[in-house]
Amino acid sequence: MPPSGAAPHASGVPVTSDLRTTEGTASATATTAGARAHARAQHGHTAEHMRHIPASTGPTIADGVAAEQLVWSETVAAGGYTTAVFARGTRIRLTDPDGEACAHVLLHRADAPYERLNIADTVKVPWQAYLGAGHPLLSAFGRVLATVVADTSGAHDALTGTTTRAGNETRYGAGAPESATPAGRELLLLGALKHGLDQRDLPPSLSFFKGVHADAGGALRWLGSSGAGTTVDLLLHVDAVLLLANTAHPLDPRPEFTCSPVRLHAWPAPGDLDLLAAGKLVGELGPEHLQAIANTDADLVARGVL
């Protein structure tokens with residue numbers, strides 16, 4: 001539990017603002033000069049959960065990708081969040097190193113954030129509710145924001161959405177973003193605010209690394225994780241804002257808040273877009289997927305991007 005007065009930074013790690021050391025004694029950071037000296041002394045230090053700058057210095061590198069290719073490398077703590085803007089043609093790899101991550105993800109177009117991930121179309125248009133390699137992530141405009149191009153987990157969820165503050169308060173006793181059991185919507189909202197977005201810009205999200213299926217009667221059945229070390233790769237078709245909250249899944253039946261860190265790597269792979277459309281990356285695409293790609297490319301041409 002973060003100490004009193006703590007607040008999460010961009011990747012969700014609590015940072016305290018208490019300037020006292022012992023009773024009646026001001027710390028060296030109580031003055032501007034002292035605070036500057038303390039801050040500079042921290043330069044170059046690393047934490048277990050943080051973004052690595054430059055990305056090539058990260059302690060973990062995506063398999064098969066040279067460190068110098070990376071444009072983003074980050075370990076997001078359990079109960080943390082992150083957000084970034086990535087270019088069209090970027091390949092984003094999420095990794096569940098310990099087997100208990102649950103990455104709740106939203107995508108918005110960077111140049112038109114009112115166009116965002118639409119879960120209903122993402123499962124309806126390709127006639128498939130269960131995510132895996134080759135699955136398009138669609139907006140409500142009939143365009144594809146990203147495609148899942150690799151997946152070693154198979155345990156994902158497009159049906160449930162993420163946790164709410166009220167739900168976590170009922171279940172765990174707390175759901176605020178600075179608590180030990182933060183709700184996914186609270187964390188996604190913190191990320192959204194950094195891009196001028198708000199609560200109304202948060203539709204239902206996708207969850208990666210925790211599987212849920214509907215049974216024959218329509219009830220949602222918890223499947224859990226596929227284990228440690230699994231990955232899922234997303235290929236972006238547009239410049240996009242990524243919002244990611246790493247927190248427990250709402251259907252996790254365990255009484256304790258259960259979550260572990262998730263890793264995020266990103267690198268440019270614009271050639272993969274041509275391979276994907278040609279059926280050479282994940283196999284032949286369905287007509288609905290190809291039409292969504294054509295719709296996206298036509299919009300980019302009209303905007304002068306392509």
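A quick note: this is a predicted structure, and the numbers were derived from the prediction, not measured.

Which residues make up the sheet that holds strand β11 (residues 156–157), and what values go with them?
Within the open sheet, the five strands sit side by side as β6-β16-β8-β12-β11. Their pairing is antiparallel. Both outer strands of the open sheet, β6 (80–86) and β11, are each paired with one neighbouring strand and no more. Packing against the sheet, helix α4 (residues 184–193) makes contact with β6, β8 (103–109) and β16 (240–246), and its axis sits at approximately 145° to β16.

I'd like to hear about the packing of aromatic side chains, residue by residue, with values.
On inspection of all chains with the given rule, the structure shows three aromatic pairs. Ring centres of W72 and F86 lie 5.6 Å apart, and the angle between their planes is 80°; this geometry places the pair in the edge-to-face category. On the criterion of sequence distance, the pair formed by W72 in strand β5 (residues 72–76) and F86 in strand β6 is long-range, its members being 14 residues apart. By relative accessible area, which is 5% here, F86 ends up buried. Taking the centre distance of 5.5 Å and the plane angle of 80° together, the rings of Y172 and F257 count as edge-to-face. A residue pair is termed long-range when its members are at least 10 positions apart, and Y172 in helix α3 (residues 165–172) and F257 in the loop between β16 and β17 (262–268) qualify at 85 residues. Positioned above the aromatic ring of W72 is the side chain of R51, whose terminal nitrogen or guanidinium carbon lies 3.6 Å from the ring centre.

Explain the pairing of strand β14 (residues 220–224) to me, using residue names and the numbers behind them.
As paired strands, strand β13 (residues 211–214) and β14 are joined by four bridges and run antiparallel to one another. Looking across to β14, one finds that H213 is bridged to R221. The antiparallel pairing of β13 with β14 creates a hairpin that spans five residues between the two strands, and G218 there sits at a positive phi of about 95°.

Tell me about the sheet that holds strand β7 (residues 90–96), and name the residues and values.
Strand order in this open sheet of six strands is β5-β17-β7-β15-β10-β9, and the pairing throughout is antiparallel. In this open sheet, the two strands that pair with only one neighbour each are β5 and β9 (136–138). Adjacent strand axes in the sheet meet at a mean angle of 20°, parallel and antiparallel pairs treated alike. Across three bridges, β9 lies against strand β10 (residues 144–151) in antiparallel orientation. Paired with L138 across the strands is V144, a residue of β10. Strands β9 and β10 of the sheet are contacted by helix α6 (residues 287–302), whose axis makes an angle of about 135° with β10.

Any chance you could break down a nonpolar patch on the surface for me, citing the residues and the numbers?
Judged by side-chain polarity, L159, L220 and L251 come together as a nonpolar surface patch covering roughly 210 Å² of accessible area. Position of L220 among the secondary structure elements: in strand β14. On the basis of relative accessible area, L220 is assigned to the partly exposed category, the value being 38%.

Mind laying out the pattern of salt bridges, listing which residues take part and the relevant values?
Per the stated rule, a full pass over the model turns up 18 salt bridges. Note that R303 and D111 form a salt bridge whose closest N and O atoms lie 3.4 Å from each other. Here the residue R303 occupies a position in the segment after α6, and D111 occupies one in the loop between β8 and α2 (119–124), the gap between them amounting to 192 residues. A residue is classified by how much of its surface remains accessible, and D111, at 43% relative accessible area, is partly exposed. Ionic pairing is found between E115 and R143, a salt bridge with its closest N-O pair at 2.9 Å. Taken together, the positions of E115 in the loop between β8 and α2 and R143 in the loop between β9 and β10 put the pair 28 residues apart, joining distant regions of the chain. Residue classification places R143 among the buried positions, given a relative accessible area of 13%.

Tell me about α6, residues and numbers included.
In a regular helix each residue adds 1.5 Å, so 16 residues correspond to 22 Å; α6 covers 22 Å between its end C-alpha atoms and thus fits that length. Residues of α6 that are buried include every one of H289, A292, I293, T296, D299 and L300, and no others. Viewed along the axis of α6, the buried residues span an arc of 125°, placing them on a single side of the element. Exposed residues lying more than 90 degrees from the buried face of α6 are P287, V301 and A302. Where α6 is buried, its residues meet β8, β9, β10 and α5 (271–277).

About the cut-offs
Residues numbered from 1 in each chain as written. Predicted model: local features only at pLDDT ≥ 70, side-chain atom pairs only at ≥ 80, totals over all residues. Heavy atoms only, no water. Pairing = 2+ DSSP bridges. Helix = DSSP H or I, 4+ residues; strand = E, 2+ residues; numbered from the N terminus. Contact = heavy atoms within 4.5 Å. Axes fitted to C-alpha atoms, helices over the stretch in contact; angles between N-to-C directions. Phe/Tyr/Trp six-rings, centres within 6.5 Å; stacked < 30°, edge-to-face > 60°. Buried < 20%, exposed > 50% of the residue type's maximum accessible area, 1.4 Å probe, protein only. Lys NZ or Arg CZ within 6 Å of the ring centre and 35° of its normal. Patch = residues over 30% accessible without salt bridge, like charges linked within 9 Å, V, L, I, M, F, W, Y side chains within 5 Å. Areas by Shrake-Rupley, 256 points an atom, 1.4 Å probe, with all protein chains shown as cover. Salt bridge = Lys/Arg side-chain N within 4 Å of Asp/Glu carboxyl O. Expected span 1.5 Å × (residues − 1). Arc of directions from axis to C-beta.

Nothing here speaks to function; it is all geometry.
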